[in-house]
Amino acid sequence: MSSTNRQVRLAGRPSGLPAPSDWSFTEEPIPVPGEGELVVAISHLSLDPAMRGWMNAGASYIEAVELGDIMRAGAVGRVSASEHPGFAVGDHVYGALGVQEHALSDGNGVIKIDPSLAPLPTYLGTLGMTGMTAYFGLLDTGKLEEGDTVVVSGAAGAVGSVAGQIAKIKTRSPARVIGIAGGTEKCRWIVEELGFDAAIDYKTQDVRRALREHAPNGVDVYFDNVGGEILDAVLTRLARGARVVICGAVSQYNATEGVRGPSNYLSLLVARASMTGMVVFDYAARYGEAMAAIAGWMREGLLISREDVVDGGVSAFPDALLKLFAGENIGKLVLRIQND
Ligand SMILES: NC(=O)c1ccc[n+]([C@@H]2O[C@H](COP(=O)([O-])OP(=O)(O)OC[C@H]3O[C@@H](n4cnc5c(N)ncnc54)[C@H](OP(=O)(O)O)[C@@H]3O)[C@@H](O)[C@H]2O)c1
């Protein structure tokens, strides 16, 4: 085993899409844990659209990554050395361990995971932060009710694919779950394999017109992952009392000329509707509840988890991140760092 720990650090604050010059690569000796510390050999990293926001100066719902710091990332791996009473060598763990091969930690925010129940990358997606986001965004913020017509954007992505499936599980016929995604393959996947009732390919179809067809009685819950034009289109189709969940706005994260806001927001007035932002971290105390429910649905075959794992280790991180903004992933995008 190499004694070097390779890392990716933030070198610049991007304008638009992150450029190669926004990253620097460093090498350090693999850390040695002091008292109360552990070292994790990272096997997989989570790639998240939110990373683009963390690269900007100024805090939002979480502090910005400082220039020169190791890029923040959720990761899973195996404890390779431990002086921490709560962790033994060989334990598998999840934590915000950063874009690097080996992470030193004091155990704060690190949780044990069980690779015999699900593959490690699933703990970055459906059984991790993205699954929690789908669950609480839909059920708590979206106040999903039986019979609701639900629309999910980014529907073939990590959060969207789980949100749509939970909506199918929780609503009953004649409820409809409609996914909006880019491209034929993604639309086929969410309908034929995940059980969405309909899919709209926003790259080739008129979203407003397609919604008139698929949601003739209006949309009760809109779970929005993308913002921009698609949010505006869905706002024109709200049913009375609709709930719009602002989970994210990936279409706007690289905007250089200001974020496009919804010009059709007066539909909220007409429909007596609400539009509410949600941040998954607010539900940390209830993650156990969501994990148990999602794991149960997976065991029963009601919910499919898909991970899109790319190889290449930490040096592939800059290009892998861009896949999210080019729509090249289906399901949860994960970067393999080293063998477990
Ligand atoms: N609020 C929270 O606590 C929280 C937590 C986690 C994630 N999120 C948000 O949830 C959303 C989904 O995240 P994820 O991790 O599941 O990513 P993801 O959906 O797996 O990947 C991003 C997807 O966004 C779509 N996309 C990219 N550019 C787009 C554009 N210009 N217009 C429309 N769609 C575009 C692409 O799919 P297509 O091929 O379909 O375009 C791409 O595959 C993001 O907005 C993220 O920030 C929020």
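Going by the structure above, here's the rest.
Below you will find a few notes about this structure. (Residues numbered from 1 in each chain as written. Predicted model: local features only at pLDDT ≥ 70, side-chain atom pairs only at ≥ 80, totals over all residues. Heavy atoms only, no water.)

Points about the pairing of strand S9 (residues 176-181)
A large share of S9 lies buried, amounting to five of its six residues. Both strand S8 (residues 149-153) and S9 contribute to a ladder of five bridges, which runs parallel. If you follow Val 151 over to S9, its bridge partner there is Ile 178. Pairing of S9 with strand S10 (residues 198-201) involves four bridges; the strand directions are parallel. In the strand pairing of S10, Ile 178 is matched with Ala 198. Read from S9 through helix H4 (residues 184-193) to S10, the crossover connection turns out right-handed. (Buried < 20%, exposed > 50% of the residue type's maximum accessible area, 1.4 Å probe, protein only. Helix = DSSP H or I, 4+ residues; strand = E, 2+ residues; numbered from the N terminus. Pairing = 2+ DSSP bridges. Right-handed = clockwise from strand over helix to strand, strands pointing away.)

Digging into the site of the ligand
Around the ligand sit 26 residues, and of these Lys 186, Tyr 202, Tyr 253, Met 278 and Asn 329 come closest. One of the side-chain nitrogen or oxygen atoms of Lys 186 is found 2.6 Å away from an oxygen atom of the ligand. Tyr 202 places a side-chain nitrogen or oxygen 2.5 Å from an oxygen atom of the ligand. When the free accessible area of the ligand is taken as 920 Å², the share hidden by the protein chains comes to 89%. Counting only elements with at least two residues in the shell around the ligand, the list comes to helix H2 (129-141), helix H3 (158-170) and helix H9 (317-326). Residues of the shell around the ligand, tallied by class, amount to 15 nonpolar, ten polar and one charged. (Near = heavy atom within 4 Å. Polar contact = N/O pair within 3.5 Å; in protein donor to acceptor, adjacent residues only side chain to side chain. Areas by Shrake-Rupley, 256 points an atom, 1.4 Å probe, with all protein chains shown as cover. Nonpolar A, V, L, I, M, F, W, Y, C, P; charged D, E, K, R; others polar.)

Here we look at unusual backbone geometry
Peptide bonds are, in most cases, trans, and in most cases residues other than glycine have a negative phi. You will see that Lys 143, though not glycine, has its phi angle at about 45 degrees, which is positive. The residue Lys 143 is located in the loop between H2 and S8 in this model. The phi dihedral of Arg 272 is positive, around 50 degrees, even though this residue is not glycine. With respect to the helices and strands, the residue Arg 272 is situated in the loop between helix H7 (266-270) and strand S13 (274-277).

Things to note about the sheet that holds strand S12 (residues 238-246)
Taking strand neighbours across the sheet as the criterion, the six strands line up as S10-S9-S8-S11-S12-S13 in an open arrangement whose pairing is parallel. Each edge of the open sheet carries a strand with a single partner, namely S10 and S13. Between one strand and the next, the sheet's axes are offset by a mean angle of 15 degrees, whatever the strand orientation. With three bridges connecting them, S8 and strand S11 (residues 219-224) associate as parallel partners. Paired with Val 151 across the strands is Tyr 222, a residue of S11. In this fold H4 packs onto S9 and S10, with an angle of close to 170 degrees to the strand it touches most, S10. Running at roughly 170 degrees to S10, helix H5 (residues 207-214) makes contact with S8, S9 and S10 of the sheet. (Axes fitted to C-alpha atoms, helices over the stretch in contact; angles between N-to-C directions. Contact = heavy atoms within 4.5 Å.)

A word on the pattern of salt bridges
For the structure shown, the criterion picks out 17 salt bridges. Where Lys 332 meets Asp 48, a salt bridge forms, and the shortest distance between an N and an O atom there is 3.2 Å. Linking Lys 332 in strand S15 (residues 332-336) with Asp 48 in the loop between strand S3 (38-46) and helix H1 (50-54), this pair joins segments that are 284 residues apart in sequence. The salt bridge partner of Asp 340 is Arg 78, with a shortest N-O separation of 3.4 Å. Highlighted residues: Asp 340 in the segment after S15 and Arg 78 in strand S4 (residues 75-82), separated in sequence by 262 residues. Judged by relative accessible area, which is 34%, Arg 78 ranks as partly exposed. Three or more residues are tied together by salt bridges with common partners; here these are Glu 185, Arg 188, Glu 192 and Glu 193. (Salt bridge = Lys/Arg side-chain N within 4 Å of Asp/Glu carboxyl O.)

A word on the packing of H2 against helix H8 (residues 287-299)
Packing of H2 against H8 brings their axes to within 10 Å, and their N-to-C directions diverge by 95 degrees. In terms of orientation, H2 lies roughly perpendicular with respect to H8. Contacts from Met 129, Gly 131, Met 132, Tyr 135 and Phe 136 of H2 reach H8 at Tyr 287, Glu 289, Ala 290, Met 291, Ala 293, Ile 294 and Trp 297. Among the residues forming the contact of H2 with H8, the class breakdown is ten nonpolar, one polar and one charged. (Parallel < 35°, antiparallel > 145°, perpendicular 65-115°, else oblique.)

Points about the packing of aromatic side chains
Summed over all chains, the structure comprises five aromatic pairs. Taken together, a centroid distance of 5.0 Å and an interplanar angle of 80 degrees make the contact between Tyr 135 and Phe 136 edge-to-face. Considering the side-chain rings of Phe 136 and Tyr 283, the 4.6 Å spacing of their centres and the 5 degrees angle between planes classify their relative orientation as stacked. With a gap of 147 residues between them, Phe 136 in helix H2 and Tyr 283 in the loop between S13 and H8 connect regions that are remote in the sequence. In this pair, the class of Phe 136 matches that of Tyr 283, namely buried. Three or more aromatic residues link up through ring pairs in this structure, and these residues are Tyr 135, Phe 136, Tyr 283 and Trp 297. Looking at Arg 72, its charged tip hangs above the ring of Trp 54, at a distance of 5.1 Å from the centre. Here the guanidinium or amino end of Lys 112 rests over the ring plane of Phe 87, the centre of that ring lying 5.8 Å away. (Phe/Tyr/Trp six-rings, centres within 6.5 Å; stacked < 30°, edge-to-face > 60°. Lys NZ or Arg CZ within 6 Å of the ring centre and 35° of its normal.)

With respect to the layout of surface pockets
Size it by volume and the second largest pocket reaches roughly 180 Å³. Around the second largest pocket sit Asp 114, Leu 117, Ala 118, Tyr 123, Leu 127, Met 291, Ala 295, Met 298 and Arg 299, which together line it. In terms of residue class, the lining of the second largest pocket is built from seven nonpolar, no polar and two charged. (1 Å grid on protein atoms, 1.4 Å probe; cavity = no way out; pocket = protein on both sides within 12 Å on 5 of 7 lines; lining within 4 Å. Points joined across faces, edges and corners; volume = space filled by probe spheres on them.)

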